[in-house]
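# Architecture at a glance
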Amino acid sequence: MQSLRVVVVTVLLLPLAVSTAAGQAAKVTMKSARAAWDAGDYPRSLESLIRLIDGPKGETLRREIALLTGELHPVHEIARDGRSLQLSRDGRLASYKLPRPSRSYAVVELVPAVREVAVMPGSACALAPDGSVAVIVAEDRGSMTMLDRKSGEKSVLQVEGMQIASATFGLSGSTLYAVASKANGADRSDVYAFHRTQSGFSEAERLTDRPEFKTNIRTASAGRYLVYTPSTRNAQASGRFSRFRRSRGSGGRGGVTDFVLVDRKNSTEHKFRGGSPQFSDDGSLLMFSTPGQDGAVHIDLVRLGAKALKAKTVCRVTGGARAFDLSPQGKSIVFQSKPEDDWELFSVSTKGGKVRRLTKEIQHDLMPVFLDEQTVLAVMGESRHRRAYVYDLQSGSRMRLFHNNTIRTIAPQYEWQASANGGKVLILSERDGNTVTPDRAVYLVDRSVELSKADVRRRLQAQLTAEKALRERGSRMFVPIDEEVRKVTSAVSVSRVKEYEKQLAACGSRHITRPGNKQAREYLSKAFKSFGYQPETPKIASRGRRRTVTGSGGSCNVVATLRGTVNPELIYVIGSHYDSVSRGPGADDNASGTSVTLEAARVLARHPQPATIIFVAFTGEESGLLGSRDFVAKAKVAGLKVVGALNNDMLGWANDSRIDNTIRYSNPGIRDVQHNAALRYSKLITYDALYYKSTDAAAFYDGWGDIVGGIGSYPVLGNPHYHQSTDLIETINHQQVAETAKTTVASLMLLASSPSRLTGLGSENNSGTVGIAWTPSPENGIVSYEIVYGPADDPTRHRLVVKKSTAVLDKARPGSHVAVRAVNDRGLHGWDWARTVVQ
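Residues numbered from 1 in each chain as written. Predicted model: local features only at pLDDT ≥ 70, side-chain atom pairs only at ≥ 80, totals over all residues. Heavy atoms only, no water.

### What to know about a positive patch on the surface
Note the threshold: Nonpolar side chains (Val, Leu, Ile, Met, Phe, Trp, Tyr) are joined into patches within 5 Å and like charges within 9 Å, using only residues with over 30% relative accessible area and no salt bridge. For accessible areas, the Shrake-Rupley method is used with a probe of radius 1.4 Å. Any residue's cover is judged against the shown protein chains and nothing else. For this analysis, a salt bridge means a side-chain nitrogen from Lys or Arg found within 4 Å of a carboxyl oxygen belonging to Asp or Glu. Residues counted as positive are Lys and Arg, residues counted as negative are Asp and Glu, and His and the chain ends are not counted. Note that the charge is assigned to NZ on lysines, CZ on arginines, CG on aspartates and CD on glutamates. Helix and strand labels come from DSSP, where a helix needs a run of H or I of at least four residues and a strand needs a run of E of at least two; each type is numbered from the N terminus. Buried means the residue's accessible area, taken with a 1.4 Å probe over protein chains only, is under 20% of the maximum for its type, while exposed means over 50%, and partly exposed covers the values in between.
There is a patch of like positive charges on the surface, built from Arg303, Lys312, Lys331 and Lys351. Here Lys312 lies in strand E21 (residues 311-317). The class for Lys312 is exposed, based on a relative accessible area of 60%.

### Considerations on the environment of Glu569
The line we're drawing: Whether two residues are in contact is decided by their heavy atoms, any of which lying within 4.5 Å being enough.
Within the secondary structure, Glu569 is located in strand E34 (residues 567-577). As a C-alpha pair, Glu569 and Ala469 span 100 residues in sequence and 34 Å in three-dimensional space. In contact with Glu569, other than residues within four places in its own chain, are Lys641 and Pro778.

### Concerning the environment of Pro99
Relative to the elements of secondary structure, Pro99 occurs in the loop between strand E3 (93-97) and strand E4 (104-109). Look at Pro99 and you get partly exposed, because its relative accessible area is 27%.

### Structural notes on the pairing of strand E19 (residues 285-291)
Rule in force here: Think of it this way: DSSP has to see at least two bridges between two strands before they count as a pair.
E19 sits mainly inside the fold: six of its seven residues count as buried. Inspection of the sheet shows strand E18 (residues 268-279) paired to E19 by three bridges, in the antiparallel sense. Of the residues in E19, the one forming a bridge with Gly275 is Ser289. Between E18 and E19, which pair antiparallel in sequence order, lie five residues; one of them, Gly283, sits at a positive phi of approximately 75°. Note that E19 and strand E20 (residues 297-303) share seven bridges and pair antiparallel. In the sheet register, Met287 faces E20, and the bridge partner there is Leu301. Two successive antiparallel strands, E19 and E20, enclose a turn made up of five residues, where Gly295 displays a positive phi of approximately 90°.

### Topic: the confidence of the model for the protein chain
Low-pLDDT stretches of the model should not have their predicted coordinates read in fine detail. Spelled out, the test is: The pLDDT value tells you how sure the predictor is about a given residue, anywhere from 0 up to 100.
Model confidence for the protein chain is summarised by a mean pLDDT of 89, while 92% of its residues fall at 70 or above. For residues 544-548, every residue scores under 50 in pLDDT, and the model assigns this stretch nine contacts once sequence neighbours within four places are set aside.

### Quick word on the sheet that holds strand E2 (residues 83-87)
Note the following rule: In this analysis, axes come from line fits to C-alpha atoms, helices being fitted only over the stretch in contact, and the angle between any two N-to-C directions falls in the range 0 to 180 degrees.
Strand order in the open sheet formed by four strands is E2-E3-E4-E5, with antiparallel pairing between adjacent strands. Because the sheet does not close on itself, it has two edges, and the strands there are E2 and strand E5 (115-121). If you compare each strand with its neighbour and ignore which way they point, the axes differ by 15° on average. Direction of pairing for E3 relative to E4: antiparallel, over a ladder of five bridges. Bridge pairing in E4 places Ser95 opposite Val107.

### Structural notes on the pairing of strand E9 (residues 154-157)
Both faces of the sheet carry side chains from a regular strand, because those side chains alternate between them. As paired elements, strand E8 (residues 144-148) and E9 share four bridges and run antiparallel to each other. Counted as the bridge partner of Met146 is Ser155 from E9.

### As for the nonpolar core
Our working rule: By convention a nonpolar core is built from buried Ala, Val, Leu, Ile, Met, Phe, Trp, Tyr and Cys residues, the set being connected through side-chain atoms within 4.5 Å.
Residues Leu604 and Phe615 are the most contacted members of the largest nonpolar core, which totals 84 residues. When residues of this core are assigned to their parent elements, the largest contribution, 10 residues, is made by helix H13 (residues 734-753). By size, the runner-up hydrophobic cluster in this structure holds 25 residues, among which are Met30, Met399, Leu460 and Tyr691.

### With respect to the pattern of salt bridges
Tallied over the full model, the rule gives 47 salt bridges. In this structure, the salt-bridge partner of Glu47 is Lys468, at a minimum N-O distance of 3.3 Å. Note that Glu47 is positioned in helix H3 (residues 42-54) and Lys468 in helix H5 (residues 453-478), a separation of 421 residues in sequence. We note a salt bridge from Arg486 to Asp482, for which the minimum N-O separation is 3.2 Å. Within this pair, Arg486 and its partner Asp482 are both found in helix H6 (residues 482-489), separated by four residues, close to a single helical turn.

### Section: the packing of helix H2 (residues 30-38) against helix H4 (residues 58-69)
Stated formally: Angles are sorted into four bins: roughly parallel if under 35 degrees, roughly antiparallel if over 145, roughly perpendicular if 65 to 115, and oblique for all others. Each residue gets one label: Ala, Val, Leu, Ile, Met, Phe, Trp, Tyr, Cys and Pro are nonpolar, Asp, Glu, Lys and Arg are charged, and the others, such as Gly, are polar.
Put simply, H2 and H4 touch, their axes get as near as 12 Å, and they point 5° apart. With respect to H4, the axis of H2 lies roughly parallel. Listed contacts from H4 to Met30, Arg34 and Trp37 of H2 are Leu61, Glu64, Ile65, Leu68 and Thr69. When the residues that make up the contact of H2 with H4 are grouped by side-chain class, the tally is five nonpolar, one polar and two charged.

### Some words on the packing of aromatic side chains
Just so we agree on the cut-off: When the centres of two rings from Phe, Tyr and Trp lie within 6.5 Å, Trp using its six-membered ring, the rings pair. Their planes under 30 degrees apart give stacked, over 60 give edge-to-face, and anything left gives tilted. By definition here, charges over rings are those cases where NZ of Lys or CZ of Arg is within 6 Å of the ring centre and within 35 degrees of the ring normal.
Evaluated as defined, the whole model comprises 19 aromatic pairs. Centroid distance Phe528 to Tyr533: 6.2 Å. Interplanar angle 85°. Geometry classified as edge-to-face. An identical accessibility class is assigned to Phe528 and Tyr533; each is buried. Taken together, Phe618, Phe631, Phe700 and Trp704 form an aromatic cluster joined through their ring pairs. Across from the ring centre of Tyr389, 4.8 Å away, lies the NZ or CZ of Arg398, which sits over that ring. Sitting over the face of the ring of Tyr414, Arg440 holds its NZ or CZ atom 3.6 Å from the ring centroid.

Below, the structure is given as structure tokens:
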């Protein structure tokens, strides 16, 4: 009876258990999914998001999920490479400059579908506001070609005997304005108008009389007023707008000079002192900025049409201000100002009153422009990685505009161009994260459409698949040395990292021309010695008068070596630069990176690895990569076999609660090692970008090819203290630096314990039989070689394991992709594949 009772109770509890489990599963919320995302637990977050979007509230949550994981609006690639973007006010026509050496512009129709209209040689381009016409200034600037979008017909316009510097349409599109000067280099240029007729354009009409060069032309909608900036030189780039180039013009950077307001109706000219002149769309207001005697920047307005054209100050801004923009209806003004250490966005009514702060982000907020009366487009970050956001003036909310919909890869942006109503935005970006090649693609963001629930779900599934694959590769990668790596990384100390940073920052400026450089070198040498190393301080060569090294002995790298136990002749280098810019003290740039080098050397000192590890604190990075290039040159002469390198630069500044940094790599194998080192042995959340130019990593790439990885804040974060005297120890997140040190140590241990990338891989195709061969691995203890191959769309379809450095691929065909890596007696696979394509 007792047993029966137990059975009955068990049976009765089963539904309760099922119900409880179902209740727990049902507790997935957007809040919990966001928390997992912020913590870097992407698989859990994505699985939750998929359940949410599949659930009854999926459509309600669609926008929030889309913006958390990527873009809300569709994005179309317009061109693989371009520059100098332009977009007609109605969003129907776009143009971009082709990359050098071409001197041409491409004109592209965007509505009803993307279609290239023409590619034409020229030096400048202007688009009609209604997208009907594009005008290209000839390379010799002697004429302009008008291209009709619909018919494709071309006609030539010129100012007889003159060279055209620039061209721009008025707001209504009825008039084309050109700045031209005599070809013999006379001391003036003038503004000319071409009025549209049924058959094309009228003959040129000269609108200005003053004997000076004219630049930065702006016109009011009705064509009565225009402004220009006088200049003492013939600027052929006149009429250019800022990176936010709109048909009605941008407020620019707020520079102060004289400008001239021309009243065509009364044939009068009025000179004002100020910068960034701009008309409202209806032509009733002229806005400009000027410095006041009190040191503040004054925002002034002129009511046009009045008998007396007088400027009235509507706002005084202290702390500096620039990049002003007037709303289409002339009701509001937005601008950037610097109340503390970074630029923020502000707005004010044209009627005056209280200035409203729009942003409180500790990265720079820059270059605001109105999309409509209540919506502003602006960018955030430092110039190497700016991102576009849309701000609602009424609610104060901010929305990301553009992304590449991946979790890990960074997509820097460089140019932006919006249509009049903000419905379409052109963006120039390295959306694939490749900052090394010169290509920058042109993308169209269609703000009139939002992605569907199905679109967002496909993105979530793709992200989940990619993230699981990354983690699966990592779990296999570290298994043979997991216990050892955990032991060493657990010894990393936040307090020690902070002390290194404190001592380096206390040296003041560590520029190679300052005494702090020598002080830092002496401190680094003592630190390495205290860990048990015998550091060397080889003097580097300084080049150029501006790079003269002060102090006795010149500037030196500081080098410490941990000799390998199995393959001592194979070398991995971990480096960071300890110098700073002359204004110092360079706590983030780069005491933070140098502190990681020191801590890695300390915790590894009693744990030598199979391959040799060299720890280097480079000098002279801020003076042209002097230290790293000197190290590489000497290593090449000495015949050192450097097979991998990590370079850390700027690791400590955090803009929010997340502990995150960017893997800056040339080698995708090292990239994946570092992602998984962070995942397994630290709290660091990592992104990635193909990025090494203008850093010490470039010296290693030039010396040994794509063997480089490393970590830095850029290009995912934009430290407002970059190269400023405010780059202080107080701005550093020491926990973030320590977590980066753990990631670096784990990465070094995996690299130095695994086979390096093979060399000499080639294939031979004889009568349908494909043979491959490669140079045997230089490591001791190699037991086999793993081969994967297949067609371009499935390159890992076939797998083969061999003992020798040759193989026959029975199923390979011409065009097959082949990859090979070594496997050692500890079960560790090569950290990168050697690759080739069967010819």
